[in-house]
Amino acid sequence: MFTATLIAAGRLSPQTLTDAVARLTDAGCAPGTPEWLDEGDAADIAITADPAAARTALEGAADGVDVVVQPAARREKRLLVADMDSTMITVECIDELADYAGLKPQIAEITEAAMRGELDFAAALDARVALLRGLDASAIDRCRAERVRLMPGAVALVRTMRARGATTILVSGGFTAFAEPVGAEIGFDRVIANKLLVAEGALTGKVATPIVDSGTKERTLREARAAMDLPEAATLAVGDGANDLAMIGIAGLGVAYRAKPIVAAAAAARIDHNDLTALLWAQGIRRRDWITA
């Protein structure tokens, strides 16, 4: 048994659900009657066959609607491993920090290529950080205060999952100077990120080793899952860039969030239109049970 969840906060109509049932029937998925999670926001449709065909039939069928198709069993997850930049926050921190050195276009171009999977992540990180050599370390605090904003829905997602017994881990290829305050503000259990090296009040152009990269993210999920004695199905990973692919690929529910094409194409689910609270509806958690502060 599988569940197809349709999500379009404030915009999901009964006609959209009727159309979805028709599409699922035509695709041979044997759908049941739609059930509202929250009327107008999200609804479930049970299907008994061919989840891949269901996803194909539903994705893109209605404007502004995100679709998550997954096994009905273990739908609510016990472990969340999340990326930070452009996932839990709205910016890429290194690009914004580069702006204080007058280098944002140059560094953002490298970031974009790395997130599309066109460059080796570690080499791209080293190259970008090297360009920041000599930048006054006070720019880090200024950047965090002036540029870093939480992604809508991040607090509700993490705090609701934690309140229901899940473990939440933020694993970032970015920097501890941003990730630790962000993780604390959102409410993560643990934070893992790279450390920018500073000497005599300025960035040295280097990060501490070993670098937190794609392998770190995958290993973190595997190790946490083993420590908690969880099946794969009880895990959720979410990210937007190529360095998130490995953890997304091994999670019970791997989600591409407003992601680069390479990630959106590979992930089992993608959220393109809604905020991070979509991942609560995907787990069958209704709005009345969310913790938003």
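Structure: above.
Fair warning: this is a prediction, and the values are worked out from it, not measured in the lab.

Participant: Describe unusual backbone geometry, naming the residues involved and giving the relevant values.
Facilitator: With glycine set apart, most residues show a phi of negative sign, and most peptide bonds adopt trans. Looking along the chain, the bond that leaves Thr-209 and enters Pro-210 is cis, with omega of -5°. Its location among the elements puts Pro-210 in the loop between strand 9 (202–207) and helix 9 (214–227). Of note in this structure, Asp-50 is not a glycine but carries a positive phi near 55°. Relative to the assigned elements, Asp-50 resides in the loop between strand 3 (42–47) and helix 2 (51–58).

Participant: Describe the pattern of salt bridges, and please don't skip the residues or the numbers.
Facilitator: Scanning the model with the defined rule gives 20 salt bridges in all. For Arg-288, the salt bridge goes to Asp-289, with nearest N and O atoms at 4.0 Å. Put simply, Arg-55, Glu-59, Arg-270 and Asp-272 are held in one network by salt bridges that share partners.

Participant: How would you sum up the sheet that holds strand 12 (residues 269–271)? Please name residues and give values.
Facilitator: In spatial order, the strands read 7-6-5-10-11-12; together these six strands make up an open sheet with parallel pairing. The open sheet has two edge strands, strand 7 (190–194) and strand 12, and neither has a second partner. Each strand axis lies, on average, 20° off the axis of its neighbour in the sheet, ignoring direction. Inspection of the sheet shows strand 10 (residues 235–239) paired to strand 11 (residues 253–257) by four bridges, in the parallel sense.

Participant: Please provide a residue-by-residue account of the environment of Asp-50, values included.
Facilitator: According to the relative accessible area criterion, Asp-50 is partly exposed, its value standing at 39%. Residues Asp-50 and Ala-108, spaced 58 residues apart in sequence, show a C-alpha to C-alpha distance of 41 Å. A polar atom in the side chain of Asp-50 sits 3.1 Å from the backbone nitrogen of Ala-53.

Participant: Could you give me a rundown of the nonpolar core, with the residues and numbers involved?
Facilitator: Among the nonpolar cores identified, the biggest contains 64 residues, and Leu-80, Met-88, Leu-97 and Phe-178 are the most heavily contacted of them. Not counting residues within four places of it along the chain, the set of residues in contact with Met-88 comprises Ala-82, Asp-83, Leu-150, Met-151, Ala-154, Leu-157, Val-158, Leu-170, Ile-186, Phe-188, Val-238 and Leu-276. Val-81, Leu-221, Leu-230 and Ala-267 belong to the second largest nonpolar core, which has 19 residues in total.

Participant: How would you explain the sheet that holds strand 2 (residues 35–38) if you had to name every residue and give the values?
Facilitator: Strands sit in the order 2-3-1-4 across an open sheet of four strands; the sheet is antiparallel. Taken across any chain shown, the strands that pair with only one partner, and hence form the sheet edges, are strand 2 and strand 4 (66–71). Recorded for the sheet is a direction-independent mean angle of 25° between the axes of neighbouring strands. As defined by bridge partners, strand 1 (residues 2–7) adjoins strand 3 across six bridges and the pair is classed as antiparallel. From the neighbouring strand, Leu-6 faces strand 3, where its bridge partner is Ala-43.

Participant: Requested: an account of the packing of helix 4 (residues 104–115) against helix 5 (residues 121–131), with residues and values cited.
Facilitator: Here helix 4 crosses helix 5 at 170°, and the two axes come no closer than 10 Å. Between helix 4 and helix 5, the crossing angle belongs to the class labelled roughly antiparallel. Residue-level inspection shows Gln-106, Ile-107, Ile-110, Thr-111, Ala-114 and Met-115 of helix 4 in contact with helix 5, the latter providing Phe-121, Ala-124, Arg-128 and Leu-131. Split into classes, the residues belonging to the contact of helix 4 with helix 5 amount to seven nonpolar, two polar and one charged.

About the cut-offs
- Residues numbered from 1 in each chain as written.
- Predicted model: local features only at pLDDT ≥ 70, side-chain atom pairs only at ≥ 80, totals over all residues.
- Heavy atoms only, no water.
- Helix = DSSP H or I, 4+ residues; strand = E, 2+ residues; numbered from the N terminus.
- Salt bridge = Lys/Arg side-chain N within 4 Å of Asp/Glu carboxyl O.
- Pairing = 2+ DSSP bridges.
- Axes fitted to C-alpha atoms, helices over the stretch in contact; angles between N-to-C directions.
- Buried < 20%, exposed > 50% of the residue type's maximum accessible area, 1.4 Å probe, protein only.
- Polar contact = N/O pair within 3.5 Å; in protein donor to acceptor, adjacent residues only side chain to side chain.
- Core = buried A, V, L, I, M, F, W, Y, C linked by side-chain atoms within 4.5 Å.
- Contact = heavy atoms within 4.5 Å.
- Parallel < 35°, antiparallel > 145°, perpendicular 65-115°, else oblique.
- Nonpolar A, V, L, I, M, F, W, Y, C, P; charged D, E, K, R; others polar.

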